[in-house]
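Commentary on secondary and tertiary structure
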Amino acid sequence: MPASGTRLPLSALLALASAGFITILTEALPAGLLSQISADLGVSQSLAGQMVTAYAIGSLVAAIPLVALTRTWRRRPLLVAAIAGFAIVNTITALSKDYALIMAARFLAGVFAGLLWALAAGYASRMVAPQHQGRAIAIAMLGAPVALSVGIPAGTLLGAVTGWRLTFGLLSIATLLLIGWILRALPDFPGQRTERRLALSSVFRLPGIRPVLFVMFAVVLAHNALYTYIVPFLQPSGLDAAADRVLLVFGLSSLAVIPVTGALVDRHLRLMVLATTALFAAASLLLAAFGGVPAAIYLGVVAWGVAFGGAPTLFQTASAKAAGGEADAAQSMIVTAWNAAMAGGGLAGGLLLESAGAAILPVVVLAILLPALVVALLGRQGFPPRSR
C-alpha cells in the first residue's frame, strides 16, 4: 500500500536512483574509454563505439514487449532480475576478449535497462500517496543526471588509471551490493491481475498519454540532435577545445534543477512542462543568433541544462498520472519513445551536419520545440492544471 503520510521512503527511492545510476554508467561509459577498448579488442574506435549503439537498440526493442509479458509478475523479484542482469553482462564485458560476445552482452544490457526504466517510475509512485508521486519519481530518477554529470567523468578517470575492464568489474560488484539494498529497502507489490489489464493499444489511447509521448519525443529529439554534435557547433566560437567545460556546465545546470523539479512537480506539472519547453526554445534561439559568441554560448548552455535536467521526472510523472494503474505499460512506451528520439536525434543531427553545417542545428531544434510547446499548451489531459 502507498504511504499515506508526508514522509517519503528515502532509502527505497535512493536504491531505485542507484539502479538508474548503474544503468546510465553501463550505457555511456564506453564512450569515455573508446581508445582503451578499441586497442584491447583490436577493433576500430567506430566499432568500439557500437557498444553504445547495441545497448540503445536493446532498450528500444525490448521495453514494450517485456513489460507486456511481465505485467502479472510480482514487482520486486522482477526488478531484482533486471538489476541482476547488469551484474552478469558487465562481468562478461569485463572478462571477454571476443568482440561479438561483448556486443551480445551490451544488447542484453540494453534489454535489462529497458525493463528497469519501465518499472522504476511506477514502482516509486506506488510507494507513496498520490500527491507525492512526482517528488518520489524525482528522487528515483536522480541517478541518471548524477551519472551523466559526475559518474561518467569519474568512471572515465578510473578507467584511465586502472583499465577499462576493472571499471566494468567494479560495476558488477556495485550491482551485487545494490541487490542486497533493494531486497532490504523496497516493498514488494503484486503485478496486475489478468482480467484487469488493458491492451497496450488501449493504454496508448488513454486520455493524456499521446500528448505526453509527443512532447517528450520532441524535446529529447531536439536535445540529442544538438548535444551529439556540440563539438562541431562550438568550432566557430573557438570553444571546441573547451568542449569538456561546456558539457560540465550543461551537466551541473541539469543537476541543479532536480531539487526544484522534485519540489514543484506534483502541484505545478503543467506550468513546469510549459516553462522548461519554452526555456529550451529560448536557449536554442540564443544559440542560433549568437553561435559565435562564447559568453552567449555559455548562457544558452546553462538555460538548456536547466530546461532539460528535469525532463525525465516531468514526463514520467505526467505519464504515470495519466495512466493510473497502467503506469508500467505507459512507462514502457516512454522508454521506447525516449530511446527512439535519442537515436533519431543523432541520425538527424548527423545528416544536418553533413548537408548544412552545425550552425543550422539550433534553428532546427527551435523548429522541433515550437510544435511541442503548442501540444503541451493544448494537452490539458496529459499536462493538467495545478493540482492540490
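The preceding data block contains the structure.
Residues numbered from 1 in each chain as written. Predicted model: local features only at pLDDT ≥ 70, side-chain atom pairs only at ≥ 80, totals over all residues. Heavy atoms only, no water.

**A closer look at the packing of aromatic side chains**
What counts is decided by this rule: Paired rings are identified among Phe, Tyr and Trp, the last through its six-membered ring, by centres lying within 6.5 Å, and are further divided according to the angle between planes into stacked (under 30 degrees), edge-to-face (over 60) and tilted (the rest). Every helix listed is a DSSP run of H or I at least four residues long, and every strand listed is a run of E at least two residues long, numbered separately from the N terminus. Exposure classes here rest on a 1.4 Å probe applied to the protein chains alone. A residue is buried below 20% of its type maximum, exposed above 50%, and partly exposed in between.
Taken as a whole and judged by the stated rule, the model has eight aromatic pairs. Geometrically, the ring pair formed by Tyr123 and Phe189 is edge-to-face, given 5.5 Å between the ring centres and 65° between the ring planes. Highlighted residues: Tyr123 in helix α5 (residues 99-126) and Phe189 in the loop between α8 (164-185) and α9 (200-204), separated in sequence by 66 residues. Accessibility assignment for this pair places Tyr123 and Phe189 in one class, buried.

**Details of the packing of helix α10 (residues 209-227) against helix α16 (residues 327-356)**
As a reminder of what qualifies: Axis geometry follows a simple rule: fit a line to the C-alpha atoms, using only the stretch in contact for helices, then measure angles between N-to-C directions, giving values from 0 to 180 degrees. The labels follow the angle: roughly parallel below 35 degrees, roughly antiparallel above 145, roughly perpendicular from 65 to 115, and oblique for the rest. By convention the crossing between two helices is left-handed if the near helix lies anticlockwise of the far one by an angle smaller than a right angle, and right-handed if it lies clockwise. Any pair of residues with heavy atoms lying within 4.5 Å of one another is described as a contacting pair. When residues are sorted by character, Ala, Val, Leu, Ile, Met, Phe, Trp, Tyr, Cys and Pro go into the nonpolar class, Asp, Glu, Lys and Arg into the charged class, and all the rest, Gly among them, into the polar class.
One can describe the packing of α10 onto α16 by two numbers: an axis separation of 7 Å at closest approach and a directional angle of 30°. Judged on the interaxial angle alone, α16 and α10 are roughly parallel. Between α10 and α16 the crossing geometry is right-handed. Across from Ile209, Val212, Leu213, Met216, Phe217, Val220, Leu221, Asn224 and Ala225 in α10, the residues of α16 making contact are Ala330, Met333, Ile334, Ala337, Trp338, Ala340, Ala341, Met342, Gly344, Gly345, Gly346 and Gly349. Here the residues of the contact of α10 with α16 sort into 16 nonpolar, five polar and no charged.

**Re the nonpolar core**
Put simply, the test is: Take the buried residues of types Ala, Val, Leu, Ile, Met, Phe, Trp, Tyr and Cys, join any two whose side-chain atoms come within 4.5 Å, and each joined set is a nonpolar core.
Core analysis: the largest hydrophobic core is formed by 63 residues, its most contacted members being Leu13, Leu16, Leu79, Ile83, Met127, Ile182 and Leu186. If you look at the next biggest cluster of nonpolar residues, it comprises 56 residues, including Tyr229, Leu269, Met272 and Trp338.

**A word on the side chain of Ser253**
How we decide: Here a polar contact is recorded for every N or O atom pair within 3.5 Å, except that within protein the pair must consist of a potential hydrogen donor and a potential acceptor, and residues adjacent in sequence are included only if both atoms are side-chain atoms.
Mapped onto the elements, Ser253 comes out in helix α12 (residues 243-256). Judged by relative accessible area, which is 9%, Ser253 ranks as buried. Polar side-chain contacts of Ser253 include one of 2.8 Å to the backbone oxygen of Val249. For Ser253, the residues in contact, after removing those within four places along its chain, are Val302, Gly305 and Val306.

**Some points on helix α13 (residues 258-289)**
The cut-off we apply is this: Here a helix's expected span is defined as the number of its residues, less one, multiplied by 1.5 Å. One axis is fitted to the seven residues ending at the residue and one to the seven starting there. The bend at that residue is the angle between these axes.
Along its 32 residues, α13 runs just 28 Å from first to last C-alpha, ending more than 12% under the 46 Å computed at 1.5 Å per residue. At His268, α13 shows its maximal kink, close to 115°.

**What to know about a nonpolar patch on the surface**
Where we set the bar: Patch criteria: residues need more than 30% relative accessible area and no salt bridge. Like-charged residues are merged within 9 Å; nonpolar side chains of Val, Leu, Ile, Met, Phe, Trp and Tyr are merged within 5 Å. Note on areas: Shrake-Rupley, 1.4 Å probe, and residue coverage restricted to the protein chains presented here. Note on definitions: salt bridges are taken to be side-chain nitrogens of Lys or Arg within 4 Å of carboxyl oxygens of Asp or Glu.
Side chains of Leu158, Leu166, Leu170, Ile173 and Leu177 sit close together on the surface and give an oily, nonpolar patch of about 450 Å² of accessible area. Position of Leu170 relative to the elements: it lies in helix α8.

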